[in-house]
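Fold and contact review
The residues making up each chain are set out below.
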Amino acid sequence: MGRGKIEIKRIENSSNRQVTYSKRKNGIIKKAKEITVLCDAKVSLIIIASSGKMVEYCSGPQETRMKILDKYHSQSGKRLWDAKHENLCNEVDRVKKDNDGMQIELRHLKGEDITSLNHVDLMALEEAIENGLASIRDRMSKYMDAVRENNRAMEDENKRLAYQLHKMMKSEENLRDMNYNNHTQIPFALLVQPNQPNLHDRM
């Protein structure tokens, strides 16, 4: 007996729905790859699951996907994005190119990949490096001057604090000496007494 016809409707059980999605997704991608190889077709496939996770397949590199979309635009007359988005894409491409150029310049400044540079490029690179070194030396000189100035200020502050501490210790020492002398000195009245007879002896 053959398999019964499956009714095409939403699968209510979430586990069964996920299993079916995984199997059919892999089957669609497999079919897309097969038609690409067997028929030399250009295929661009995008699948977005209910969870929001996206799976994509393209029969070639990124440029092929863009060519497929351009082909769709030209033949269907429909636009997947407006002029604003196209300008944004152009801006992204420009930024990528600028970034690639800066990466190349950075490697040149490191002395890498310079064999392809001509005499003029090497002279410009040398000038750029010398200007950079001059700026670095100037910044380093200002930094060292600031460090020395800060060290002098700290030394002056340490001297001031040491002088204040010395004065405080000296004052405490003088105060201790005064207290010691006041407690050990014999009263003058006890040292000088009149030489008089006892009045009880006369009576």
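A brief structural summary. (Residues numbered from 1 in each chain as written. Predicted model: local features only at pLDDT ≥ 70, side-chain atom pairs only at ≥ 80, totals over all residues. Heavy atoms only, no water.)

So, on to the pairing of strand β2 (residues 54-58). Across 5 bridges, strand β1 (residues 44-48) lies against β2 in antiparallel orientation. Residue pairing across strands places Ser44 opposite Cys58, the latter belonging to β2. Between β1 and β2, which pair antiparallel in sequence order, lie 5 residues; one of them, Gly52, sits at a positive phi of approximately 100°. (Pairing = 2+ DSSP bridges. Helix = DSSP H or I, 4+ residues; strand = E, 2+ residues; numbered from the N terminus.)

This paragraph deals with a nonpolar patch on the surface. On the surface, a cluster of nonpolar side chains totalling about 410 Å² of accessible area is made up of Leu106, Leu109, Ile129, Leu133 and Ile136. Counting only elements with at least two residues in the nonpolar patch, the list comes to α3 (83-109) and α4 (119-184). Among the elements that line the nonpolar patch, the one with the most residues is α4, at 3 residues. Ile129 sits in the partly exposed class, given a relative accessible area of 33%. (Patch = residues over 30% accessible without salt bridge, like charges linked within 9 Å, V, L, I, M, F, W, Y side chains within 5 Å. Areas by Shrake-Rupley, 256 points an atom, 1.4 Å probe, with all protein chains shown as cover. Salt bridge = Lys/Arg side-chain N within 4 Å of Asp/Glu carboxyl O. Buried < 20%, exposed > 50% of the residue type's maximum accessible area, 1.4 Å probe, protein only.)

Further remarks concern the nonpolar core. With 7 residues, the main nonpolar core is built from Ile29, Ala32, Val43, Leu45, Ile47, Val55 and Tyr57. Residue assignment for this core shows that the elements contributing at least two residues are α1 (14-39), β1 and β2. In this structure Leu45 touches Ile28, Ile29, Ala32, Val55, Glu56 and Tyr57, once residues within four positions along its chain are discounted. (Core = buried A, V, L, I, M, F, W, Y, C linked by side-chain atoms within 4.5 Å. Contact = heavy atoms within 4.5 Å.)

Moving on, we get to the environment of Arg94. Residue placement: Arg94 occurs in helix α3. Exposure remark for Arg94: the relative accessible area of 40% places this residue in the partly exposed category.

Moving on to the environment of Ser50. Its location among the elements puts Ser50 in the loop between β1 and β2. In sequence terms Ser50 and Tyr21 are 29 residues apart; their C-alpha atoms lie 9.7 Å from each other.

Worth remembering: the numbers are spatial, not functional.
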